[in-house]
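Given next are the chains, with one letter for each unit.
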Amino acid sequence: MIRYLGLKAYGKINLGLDVLRKREDGYHDVRMIMQTVSLYDKIDIYLKETPGIEIVTNLFYLPVNENNLVYKAAKLLMDEFHVTQGVTIHLKKFIPVSAGMAGGSSDAASVLFGVNKMFKLGLTRQELMERGVKIGADVPYCIMRGTALSEGIGEILTPLPDMPQCQVLIAKPGVSVSTKFVYDNLDAAGLKESDHPDIDGMVAAIKSRDIYQVSARLGNVLETVTIPEYPVIAQIKERMKEAGAVNALMSGSGPTVFGIFTSPLAAEKAYEDMRYGEGKTLAKQVYLTNFYNTREVTNEQ
Ligand code: ATP
């Protein structure tokens, strides 16, 4: 019997994000290039003999009830399989919250994986992904991980070759952006041709493993909504490029910005600047990380 599982829930960035149209059901059809990064939340799942789902977290402002995505994930599987025992989940957040890095979705993905394993439910990764989309559009991708093309509302996934390794500087300004606000304010029909990133070109660049071609194609249509609202995002992008980033982009619905560096030294200097130097006023949370391309999930991963 498994009584404890320690897992890592990795965050993602979008190398490309395009919105095709708003659907009748309110969701949007998207085309996104997803990339896992090495920044993760720590999730510890403990078996509890009494029924119920208990959540303990290091962030006081996160819900610890059914509104937490880890709760939803555990409940989904435990209800379906009539699990009579319970779980206590310790969630230690490092991925910025409401930031466009799918932190909550990744936590849910890890809990689906963990509950399946702890109670020997026997679901395949594909079956977990089918259940995950009920919790959130990005959850199936967070189960898959690595570099991938994401289509539909996010549930149609095509794995892509691993990205060449490089440094990724992540900076979140001190504002929180609601994904709903951004999508509600996106005028999908009124976008200019130039607002749309070249997703097919990006896929080709990834297949040729050319980091410079990939960087040249970074694009996120949601910047058209979030940047006018929070100009600091554009300032962070500029600062990263001045510091030697090959390119920089807002991730997801924002406000997190990432910069891609091919020089470890330049990346380190840019990190120091944004964390402790003159760039400090622009960003509240700063991390120097890299691409994470391991798709296999083991304990402690
Ligand atoms: P995405 O990139 O998918 O848009 P995000 O970074 O914008 O994700 P999250 O950090 O995943 O957003 O979630 C933010 C919202 O979800 C907050 O309102 C928060 O209270 C709620 N939430 C519920 N569960 C979690 C969780 N486990 N981690 C973070 N936020 C959670």
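Residues numbered from 1 in each chain as written. Predicted model: local features only at pLDDT ≥ 70, side-chain atom pairs only at ≥ 80, totals over all residues. Heavy atoms only, no water.

Caption draft 1: How the structure looks around the pairing of strand β4 (residues 86-92). In terms of burial, β4 is largely enclosed, as five of its seven residues are buried. Pairing of strand β3 (residues 52-57) with β4 involves six bridges; the strand directions are parallel. When the sheet's bridge partners are listed, E54 is paired in β4 with T88. A crossover connection joins β3 to the parallel β4 through helix α1 (residues 69-80); in handedness this β-α-β unit is left-handed. (Buried < 20%, exposed > 50% of the residue type's maximum accessible area, 1.4 Å probe, protein only. Helix = DSSP H or I, 4+ residues; strand = E, 2+ residues; numbered from the N terminus. Pairing = 2+ DSSP bridges. Right-handed = clockwise from strand over helix to strand, strands pointing away.)

Caption draft 2: Broad picture of the domain arrangement of the chain. Splitting the chain by domain gives domain 1 (4-159) and domain 2 (167-290). The gap between the C-alpha centroids of domain 1 and domain 2 is 23 Å. The interface of domain 1 with domain 2 comprises 26 residues on the first partner and 35 residues on the second. Where domain 1 abuts domain 2, roughly 2300 Å² becomes buried across the two surfaces, and 63% of that area is made up of carbon and sulfur atoms. Contact with domain 2 buries surface across domain 1, with L15, L17 and V19 losing the most and accounting together for 24% of the total. Applying the counting criterion to the domain 1 and domain 2 interface returns one salt bridge. When the shortest N-O distance is used, the salt bridge between R31 and D200 registers 3.0 Å. Elements that contribute at least two residues to the side of domain 1 that touches domain 2 include exactly β1 (4-22), β2 (28-48) and β5 (147-152). Tallying contributions element by element places β1 first for the side of domain 1 that touches domain 2, with nine residues. Across the side of domain 1 that touches domain 2, the residue classes break down as 14 nonpolar, eight polar and four charged. (Domains from an automatic or database assignment. Contact = heavy atoms within 4.5 Å. Buried area = accessible area lost by both parts, 1.4 Å probe. Salt bridge = Lys/Arg side-chain N within 4 Å of Asp/Glu carboxyl O. Nonpolar A, V, L, I, M, F, W, Y, C, P; charged D, E, K, R; others polar.)

Caption draft 3: Highlighting the site of the ligand. Surrounding the ligand, one finds 19 residues, the nearest of these being N68, S98, G100, A102 and G104. Contact between the ligand and S98: an oxygen atom at 2.8 Å from a main-chain N or O atom of the residue. G100 places a main-chain nitrogen or oxygen 2.9 Å from an oxygen atom of the ligand. Considering every element that reaches the shell around the ligand, the biggest residue donor is helix α2 (residues 103-118), with three residues. (Near = heavy atom within 4 Å. Polar contact = N/O pair within 3.5 Å; in protein donor to acceptor, adjacent residues only side chain to side chain.)

Caption draft 4: Region of the structure containing α1. Its 12 residues place the ends of α1 17 Å apart at the C-alpha level, agreeing with the 16 Å of an ideal helix rising 1.5 Å per residue. Looking at α1, one finds that the buried residues are V70, Y71, A73, A74, L77 and M78. Down the axis, α1 shows its buried residues gathered within 165° of arc, on one side only. Tucked into the core, α1 has its buried residues touching β2, β3, β4, α2 and α3 (125-132). Taking the backbone nitrogen of V70 as reference, a side-chain oxygen 3.0 Å away marks N68 as the first, capping residue of α1. (Expected span 1.5 Å × (residues − 1). Arc of directions from axis to C-beta.)

Caption draft 5: Molecular detail of the environment of G6. Its place among the elements puts G6 in strand β1. Of the residues examined, G6 reaches a relative accessible area of 2% and is grouped as buried. Put simply, G6 and S110 are 104 residues apart on the chain and 9.7 Å apart in space, counted from C-alpha to C-alpha.

Caption draft 6: The arrangement of the packing of aromatic side chains in detail. Taken as a whole and judged by the stated rule, the model has four aromatic pairs. Ring geometry for Y4 and Y46: centres 5.1 Å apart, planes at 40°, overall tilted. Taken together, the residues span a long stretch of sequence, with Y4 in strand β1 and Y46 in strand β2 at a distance of 42 residues. With relative accessibility at 34%, the residue Y46 sits in the partly exposed group. (Phe/Tyr/Trp six-rings, centres within 6.5 Å; stacked < 30°, edge-to-face > 60°.)

Caption draft 7: Representation of unusual backbone geometry within the structure. Residue P255 follows G254 across a cis peptide bond; omega there is 5°. Counting through the fold element by element, P255 comes out in the loop between β9 (247-250) and β10 (257-261). A positive phi angle, near 45°, is found at K120, a position not held by glycine. With respect to the helices, strands and loops of the structure, K120 is situated in the loop between α2 and α3.

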